[in-house]
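# Results of the structural survey
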Amino acid sequence: MTVLMEIKDLKVHYPIRSGFWNRITDYVYAADGISFTIEAGKTYGLVGESGSGKSTIGKAIVGLEKITSGQILFNGEDVSKPSVRRKMKYNKDVQMIFQDSLSSLNPKKTIYQIIAEPIRNFDKMDKESEKQRVIQLLDIVGLSKNAMFQYPHQFSGGQRQRIGIARAIATNPKLIIADEPVSALDLSIQAQVLNFMKRIQKELGISFLFISHDLGVVRHMTKNIAIMHLGRFVELGTREDIYNNPQHIYTKRLLSAIPQIDIANRDANKAKRAQVEAEYQEKRSHFYDQDGLAYPMHQISDTHWVSTPPTNISEGAGK
Amino acid sequence: MKEETLLSINGVSVAFKINGEFYTAIDDVSLELHRDEVLAIVGESGSGKSTLATTVIGLHNMNATKITGEINFQNKEILELSEDEFNDIRGDEMGMIFQDPLAALNPLIRIGDQIKESLDVHSDMTEDQKQARVHELLNQVGIPHPERVAKQFPHQLSGGMRQRIIIAIAIANKPQLIIADEPTTALDVTIQAQILDLLKDIQRENHAGIILITHDLGVVAEVADTVAVMYAGEIVEQAPVATLFNDAKHPYTRSLLRAMPTIDSEDDELYVVEGAVPSIKDMDRNSDLFAPRIPWTKPDVGHPVLKEIAPNHYVRGESWREFKFKDEL
């Protein structure tokens, strides 16, 4: 498989200013030392709680966030500088789908204008073929061509999210960052949008970085999952590694918190959850350094990486 | 204790006035809630589940709403209460937990004072007793350093902490009935699990009844005792929680269960319920309202009725008897 994007030791730190001179007194480590690789045509899941820095990574990749240090290599070129991004038309190849479909679509523009905007920015087309392209895109996401002349508020949440997807795929991107694309949607609409994303990926061969806090959705969408906590990766692996053989206490805690449809064993599950939570509180200091950050990850199998304390790797990994 | 009926909703219909005309949002809903019971109401947005909750707690603008039927709460007909009489119950015997904790808290008032407000209105404690009660409540909902948090403002707390404050306010006067409208939808899974466990603990203490409104079937499976599934303002199926997950009958319930990406699903495609909930103006009460979303099934004639098909298991209409998903045909 060809490597599409390589992220090397990415850091995004926000300064905290305080005191009389408003000097920088400390930093928020929103993303700290993140490295991973995205291969063409694959989906990657990025899971974490709010505040873990998962959206920061997504924004840094599309260039909406200034990075502190590190490299984002796209087809071998470092795209962390705006000039490089412009030169190679990076934003044609990398697009984003947002969580809140209403606030990410301009209420004063018609659906035609919204979807045609990225086409006009990157592809030179005459009026007629531009129109054909918009109709084609609407068809891909299952909307009729009459939708072109309507405004975002005239659509339901699921339809709006599909319009967001149509806009994101308008320029034939190679990578789409999907930041919590279904967390605001009802179950049946969520199913619809997830199916669309899977189908589009299969047909167009797009890579997805799927950012979510919902482990059920992530498991459905992808085979490659990274768990993030407090700005660092704590575990990285395949679906089987993460769900069947979790190593880090934080991963175990996340998994135990997922509501289970197992009514007969409800109390047992609750007790187990309490036990995992107690273990997490007790062993927390062991798995995180004195600043409260996770330790660097070590490889424990071909596909599985875990953040382990430096001194006793074997003990941490053996559990 | 278990069988004592706390709240009984009898044939309640709610209609809203839109441009001078009344449209039915809830049609002939009957439910019963016992002490120590968690009744979950599930359905998509637009199915009327929140409208039902706001009807019970009396938050509708009566100038634009028409409510018929009976709601009996601890031997009081609450639909016949005056505004003042209702104000005595609301926040005292009934507590409500809202979905968005940031919108439900006043940003300019300290946490402690917001919790104290409901004590000011409904109890005759002294100032010192109230202060002590506030700290006790904060402690009960699992907030570390209650004295310090009581002096903070809402924006200084995280989302999970704010939701705990909302719960503390809702339970301040030890209510008999707690209505929780999507209490964990805005929260992370780890915090969601903690909040659900907390709600259960509080319930055990007061022997309260809880109405839990949610669209998350995982949450339902974790905490509910009884589940009512609503569609287009009607209950389409009602059953004990184990029955609902193991032996759901109504096509809508089965569709919802199928659309859920469970942790064990390896299927490539998720099931999609075609179409959408009809808007309030397009609900033809004289027909099988869910039928348009399963067009391959023969719809019920006229308006289907809710029938008890097994003890405590109610299903609307007859079409479920022959219903099969497309891939099962």
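This is a predicted model, so every value here is computed, not measured. (Residues numbered from 1 in each chain as written. Chains lettered and ligands numbered in written order. Predicted model: local features only at pLDDT ≥ 70, side-chain atom pairs only at ≥ 80, totals over all residues. Heavy atoms only, no water.)

## A closer look at the overall build of chain A
If you tally the helices and strands in chain A, you get 12 helices and 12 strands. Computed over C-alpha atoms, the radius of gyration of chain A comes to 21 Å, within 12% of the 20 Å expected from 2.2 N^0.38 for 319 residues, which places it in the range of a compact globule. For chain A, the residues scored as buried account for 53% of the 319 residues in total. In chain A, once contacts between residues fewer than 6 apart in sequence are set aside, the share between residues at least 24 apart is 65%. Here chain A displays about 14,700 Å² of accessible surface, and carbon together with sulfur accounts for 50% of that area. Charged side chains in chain A number 42 positive and 34 negative. The centres of these two groups are separated by 6 Å. (Helix = DSSP H or I, 4+ residues; strand = E, 2+ residues; numbered from the N terminus. Rg over C-alpha atoms; globule rule 2.2 N^0.38 Å. Buried < 20%, exposed > 50% of the residue type's maximum accessible area, 1.4 Å probe, protein only. Contact = heavy atoms within 4.5 Å. Areas by Shrake-Rupley, 256 points an atom, 1.4 Å probe, with all protein chains shown as cover. Lys, Arg positive; Asp, Glu negative; His and termini not counted. Charge placed at Lys NZ, Arg CZ, Asp CG, Glu CD.)

## With respect to the overall build of chain B
Of the regular secondary structure elements, chain B holds 11 helices and 12 strands. A globule of 329 residues ought to have a C-alpha radius of gyration of about 20 Å, and chain B, at 21 Å, matches this closely. Along the three orthogonal principal directions, the C-alpha set of chain B runs to about 65 × 50 × 40 Å. In chain B, buried positions account for 53% of the 329 residues. For chain B, restricting intrachain contacts to residue pairs at least 6 apart in sequence, the fraction spanning at least 24 positions comes to 67%. Carbon and sulfur atoms make up 48% of the accessible area of chain B, which amounts to about 14,400 Å² in all. The positive charge centre, built from 30 side chains, and the negative charge centre, built from 54, are 1 Å apart in chain B.

## Considering the sheet that holds strand β2 (residues 23-39) of chain A
Residues and elements named next belong to chain A. Taken together, 4 strands build an open sheet; the order of strands is β2-β1-β4-β5 and the sheet is antiparallel. Each edge of the open sheet is held by one strand with a lone partner, namely β2 and β5 (77-78). Helix-sheet contacts for helix α1 (residues 54-62) involve β1 (3-18), β2 and β4 (69-74), and the interaxial angle to β1 is about 115 degrees. (Pairing = 2+ DSSP bridges. Axes fitted to C-alpha atoms, helices over the stretch in contact; angles between N-to-C directions.)

## Things to note about a nonpolar patch on the surface
A grouping of Y14(A), I16(A) and V28(A) is seen on the molecular surface, where their side chains present a nonpolar patch of about 210 Å² in accessible area. Residue position: Y14(A) is located in strand β1. (Patch = residues over 30% accessible without salt bridge, like charges linked within 9 Å, V, L, I, M, F, W, Y side chains within 5 Å. Salt bridge = Lys/Arg side-chain N within 4 Å of Asp/Glu carboxyl O.)

## Describing the nonpolar core
Ranked by size, the top nonpolar core spans 89 residues in total, and within it I227(A) and V227(B) carry the most contacts. Both domains that meet at this core, namely domain 1 (3-230) and domain 2 (240-319) of chain A, each give it at least three residues. Apart from the residues within four sequence positions on either side, V227(B) is in contact with A40(B), V42(B), V220(B), E237(B), Q238(B), A239(B), V241(B) and L244(B). Grouped together as the second largest cluster of nonpolar side chains are 34 residues, I97(B), A170(B), A172(B) and L196(B) included. (Core = buried A, V, L, I, M, F, W, Y, C linked by side-chain atoms within 4.5 Å. Domains from an automatic or database assignment.)

## Description of the packing of helix α6 (residues 157-168) of chain A against helix α7 (residues 187-204) of chain A
All names here are of chain A. Relative orientation of the contacting elements α6 and α7 amounts to 20 degrees, with a least axis distance of 9 Å. Taken together, the axes of α6 and α7 lie roughly parallel to each other. Of the two elements, α6 crosses α7, and the hand of that crossing is right-handed. Across the interface between the two elements, G158, Q161, R162 and I165 of α6 pack against I189, Q192, V193, F196, M197 and I200 of α7. Broken down by class, the residue content of the contact of α6 with α7 amounts to 6 nonpolar, 3 polar and 1 charged. (Parallel < 35°, antiparallel > 145°, perpendicular 65-115°, else oblique. Left-handed = near helix turned anticlockwise from the far one by under 90°. Nonpolar A, V, L, I, M, F, W, Y, C, P; charged D, E, K, R; others polar.)

## Details of the UniProt feature "domain: ABC transporter" (unreviewed entry) in chain B
Taking the UniProt record as the reference, the feature "domain: ABC transporter" (unreviewed entry) is found at residues 9-257 of chain B. The straight-line gap between the two end C-alpha atoms of residues 9-257 of chain B is 26 Å; of that span, 40% is helix and 27% is strand. (UniProt positions renumbered as here; feature names shortened; annotations may be inferred.)

## Observations concerning the pairing of strand β7 (residues 175-179) of chain A
If a strand is regular, its side chains alternate between the two faces of the sheet. All names here are of chain A. Judged by how many residues are buried, β7 sits mostly within the fold: 5 of 5 residues are covered. With burial as the criterion, each face of β7 is covered, one bearing L175, I177 and D179 and the other bearing I176 and A178. Bridging between strand β6 (residues 94-97) and β7 involves 4 bridges; their strand directions are parallel. Counterpart to Q95 in the pairing with β7 is I176. Two strands pair when backbone bridges link them, and β7 and strand β8 (residues 207-212) are joined in this way by 5 bridges, in the parallel orientation. If you follow L175 over to β8, its bridge partner there is S207. In terms of handedness, the path from β7 via α7 over to β8 forms a crossover that is right-handed. (Right-handed = clockwise from strand over helix to strand, strands pointing away.)

## As for the confidence of the model for chain A
Averaged over chain A, the pLDDT score is 88; the fraction of residues at 70 or greater is 97%. Across chain A, the element-wise mean pLDDT spans from 47 in helix α12 (residues 313-318) of chain A up to 94 in strand β10 (residues 232-238) of chain A. (pLDDT = per-residue confidence, 0-100.)

## Regarding the packing of aromatic side chains
Working definition: an aromatic ring pair is given by the centre-to-centre distance plus the angle between the planes. All names here are of chain A. Scanning all chains against the criterion turns up 10 aromatic pairs over all chains. Each ring, one from F74 and one from Y90, has its centre 5.2 Å from the other, and the planes form 85 degrees; the classification is edge-to-face. One end of the pair, F74, is in strand β4; the other, Y90, is in helix α3 (residues 90-93), and 16 residues separate them in sequence. Taken as a pair, F74 and Y90 share a single burial class, namely buried. Between R253 and the ring centre of Y280, over which it is positioned, the NZ or CZ distance is 4.2 Å. (Phe/Tyr/Trp six-rings, centres within 6.5 Å; stacked < 30°, edge-to-face > 60°. Lys NZ or Arg CZ within 6 Å of the ring centre and 35° of its normal.)

## Focus: the environment of A228(B)
Residue and element names in this part refer to chain B. By secondary structure assignment, the location of A228 is in strand β9 (residues 226-231). Overall, the relative accessible area of 0% leaves A228 in the buried class. Measuring from C-alpha to C-alpha, the distance between A228 and L108 comes to 38 Å, with 120 residues separating the pair along the chain. Contact partners of A228, with chain neighbours within four places excluded, come to L31, L39, A40, I41, V42, I235, E237 and Q238.

## Some remarks on the interface of chain A and chain B
Quite often, the size of an interface is put as the accessible area lost when its parts meet. Residue-level contacts link 33 residues of chain A with 42 residues of chain B. Both faces considered, chain A and chain B share a buried interface measuring about 3,300 Å² in area, 52% of it formed by carbon and sulfur atoms. Across the chain A-chain B interface, the total number found is 4 salt bridges. The residue E222(B) makes a salt bridge to R273(A) at a minimum N-O spacing of 3.4 Å. Connecting chain A to chain B are 9 residue pairs in polar contact (both at pLDDT 80 or more). Secondary-structure elements contributing two or more residues to the side of chain A that touches chain B are α7, α8 (215-221), α9 (239-244), α10 (249-256) and α11 (266-287) of chain A. Among the elements that line the side of chain A that touches chain B, the one with the most residues is α7(A), at 9 residues. (Buried area = accessible area lost by both parts, 1.4 Å probe. Polar contact = N/O pair within 3.5 Å; in protein donor to acceptor, adjacent residues only side chain to side chain.)

## Looking at the sheet that holds strand β11 (residues 297-299) of chain A
Residues and elements named next belong to chain A. Across the sheet, 8 strands lie side by side as β6-β7-β8-β3-β9-β10-β12-β11; this open sheet has mixed pairing. Each having just a single partner strand, β6 and β11 make up the two edges of the open sheet. Each adjacent strand pair in this sheet contributes to an overall mean axis angle of 20 degrees, direction not counted. Pairing of β11 with strand β12 (residues 305-307) involves 3 bridges; the strand directions are antiparallel. Opposite H298, over in β12, you have V306 as the bridge partner. Those strands touched by α6 are β6 and β7, and its axis lies near 175 degrees from that of β6. Against the sheet, α7 touches β3 (43-47), β7 and β8, its axis set at about 155 degrees to β8.

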